[in-house]
Amino acid sequence: MAPAGPRSGDAIFASVERVNAELFTLTYGAIVRQLLTDLEEVDEVNKQLDQMGYNIGIRLVDEFLAKSNVSRCVDFKETAEVIAKVGFKMFLGVGASVTNWDAEGTCCSIVLEDNPLVDFVELPDTCQGLYYCNVLSGVIRGALEMVSMKTEVTWLRDVLRGDDVFELQVKLIKQVPEEYPYKDDE
């Protein structure tokens, strides 16, 4: 039997067990609200959401690799495309596109077509510095670190802040060489 080829984000999303989208959105909103109450500083909430996302990302990458049958990406450009086309579709049910590459191929933007985390959300004036979906930047950073890519992920545009789209900038800081816990017999 031939090995299974990579699966599209749509195919994986259709076959994965899901929770109700409204329940997911409202639960995430409750977490953000509780963080705002507990931490009081918007910058601290942004850091906490990023850290939560990072912790999710370092675990989520295993599920992604197991269910998507994606082979090892050749470079950062291919990795960004896989995140946008397969990862976002697989876990959030939304498509994304990769744009604005720099000349070195180490920095790009991921533009989300939709964002289910922001359904029913309006930010009050007291929370204008909040990156409500900062958990997503942490997820990307954590997942990429698990595949040996140290990155910096920041929000460039956010619909909740009055922009027309959700846009994340992903910048490759360095490719970390893989280390094996044992030496080969020579």
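Residues numbered from 1 in each chain as written. Predicted model: local features only at pLDDT ≥ 70, side-chain atom pairs only at ≥ 80, totals over all residues. Heavy atoms only, no water.

1. Examining the confidence of the model for the chain
Which entries qualify depends on this criterion: You can read pLDDT as the predictor saying how much it trusts each residue, on a scale of 0 to 100. Contacts were defined at the residue level, with two residues in contact if any of their heavy atoms lie within 4.5 Å.
Overall, the predicted model of the chain reaches an average pLDDT of 83, with 85% of residues at or above 70. Low confidence marks residues 1-5, where pLDDT is under 50. Its contacts with residues over four positions away, or in another chain, come to two contacts.

2. Points about a negative patch on the surface
For clarity, the cut-off: Patches here are clusters of residues that have more than 30% relative accessible area and form no salt bridge, with a 9 Å joining cutoff for like charges and a 5 Å cutoff for nonpolar side chains (Val, Leu, Ile, Met, Phe, Trp, Tyr). The method behind every accessible area is Shrake-Rupley, applied with a 1.4 Å probe, and residues are considered shielded solely by the protein chains displayed. A carboxyl oxygen of Asp or Glu within 4 Å of a side-chain nitrogen of Lys or Arg is what we treat as a salt bridge. Only four residue types enter the tally: Lys and Arg on the positive side, Asp and Glu on the negative side; His and the chain ends are excluded. Note on charges: their place is set at NZ of Lys, CZ of Arg, CG of Asp or CD of Glu. Elements are defined by DSSP. Helices are runs of H or I of four residues or more, strands are runs of E of two residues or more, and each kind is numbered from the N terminus. Three labels apply to residues, based on accessible area from a 1.4 Å probe with only protein chains included: buried if under 20% of the type maximum, exposed if over 50%, partly exposed otherwise in between.
A cluster of like negative charges, contributed by E22, E113, D114 and D119, occupies part of the molecular surface. Structurally, E22 can be placed in helix α2 (residues 21-39). Judged by its relative accessible area of 49%, E22 falls in the partly exposed class.

3. Topic: the environment of F64
Inspection of the secondary structure assignment puts F64 in helix α3 (residues 42-68). Residues F64 and M90, 26 residues apart in the sequence, show an inter-C-alpha distance of 8.1 Å. Setting aside its immediate chain neighbours within four residues, F64 contacts V70, V82, V86, G87, M90 and F91.

4. Some details on the packing of α3 against helix α5 (residues 134-146)
Put simply, the test is: Helix axes are fitted to C-alpha atoms over the stretch in contact, other axes to C-alpha atoms as well, and angles between N-to-C directions run from 0 to 180 degrees. Here the word oblique covers every angle except those under 35 degrees (roughly parallel), over 145 (roughly antiparallel) and from 65 to 115 (roughly perpendicular). Rotating anticlockwise by less than a right angle from the far helix to the near helix defines a left-handed crossing, while the corresponding clockwise rotation defines a right-handed one. Three classes are used, and their members are as follows: Ala, Val, Leu, Ile, Met, Phe, Trp, Tyr, Cys and Pro are nonpolar, Asp, Glu, Lys and Arg are charged, and the others, Gly among them, are polar.
At a minimum axis distance of 6 Å, the contact between α3 and α5 shows a crossing angle of 40 degrees. Comparing their axes, α5 and α3 come out oblique. α3 and α5 meet at a crossing whose hand is right-handed. Taken together, the residues of α5 that come into contact with α3 (itself represented by N46, L49, D50, Q51, M52, G53, Y54, I56, G57, I58, L60 and V61) are N134, V135, S137, G138, V139, R141, G142, A143, E145 and M146. Residue classes in the contact of α3 with α5 are distributed as eleven nonpolar, eight polar and three charged.

5. Some remarks on helix α4 (residues 76-92)
Rule in force here: One fitted axis covers the seven residues ending at a residue, a second covers the seven starting there, and the bend at that residue is the angle between these axes.
Maximum bend of α4: about 35 degrees, positioned at I83. Buried residues dominate α4, accounting for twelve of its 17 residues. Residues F76, T79, A80, V82, I83, A84, V86, G87, F88, K89, M90 and L92 constitute the buried set of α4. Trailing α4 by a residue or two, G93 shows a phi angle of about 75 degrees, which is positive.

6. Considerations on the packing of aromatic side chains
Put simply, the rule is: Classification of ring pairs uses Phe, Tyr and Trp, with its six-membered ring standing for Trp, and accepts pairs whose centres are within 6.5 Å; under 30 degrees between planes counts as stacked, over 60 as edge-to-face, and the remaining range as tilted.
Counted according to the given criterion, the structure contains three aromatic pairs. Ring centres of F76 and W101 lie 5.8 Å apart, and the angle between their planes is 90 degrees; on these two criteria the pair is classed as edge-to-face. With a gap of 25 residues between them, F76 in helix α4 and W101 in the loop between β1 (96-99) and β2 (107-112) connect regions that are remote in the sequence. Assessed through its relative accessible area of 4%, F76 is described here as buried.

7. Let's talk about the nonpolar core
This is how it is decided: Only buried Ala, Val, Leu, Ile, Met, Phe, Trp, Tyr and Cys residues count toward a nonpolar core, and they belong to the same one when joined by side-chain atoms within 4.5 Å.
Core analysis: the largest hydrophobic core is formed by 39 residues, its most contacted members being F88, I110, L130, Y132, L136, I140 and V170. For this core, the elements supplying multiple residues, two or more each, are α2, α3, α4, β1, β2, α5, β3 (149-157) and β4 (166-175). With six residues, the single largest contributor to this core is α4. Non-local contacts of L130, meaning those with residues more than four positions away in its chain, are made with V32, L36, V42, V45, N46, L49, L123 and R161. Membership of the second largest hydrophobic core comes to five residues, among which are F64, V70, V82 and M90.

8. Describing unusual backbone geometry
We note that N69 has phi near 55 degrees; this positive angle belongs to a residue other than glycine. Summarising the element assignment, N69 is placed in the loop between α3 and α4. The class for N69 is partly exposed, based on a relative accessible area of 32%. Backbone geometry at S148 places phi at a positive 70 degrees, although glycine is not the residue there. Note on placement: S148 falls in the loop between α5 and β3.

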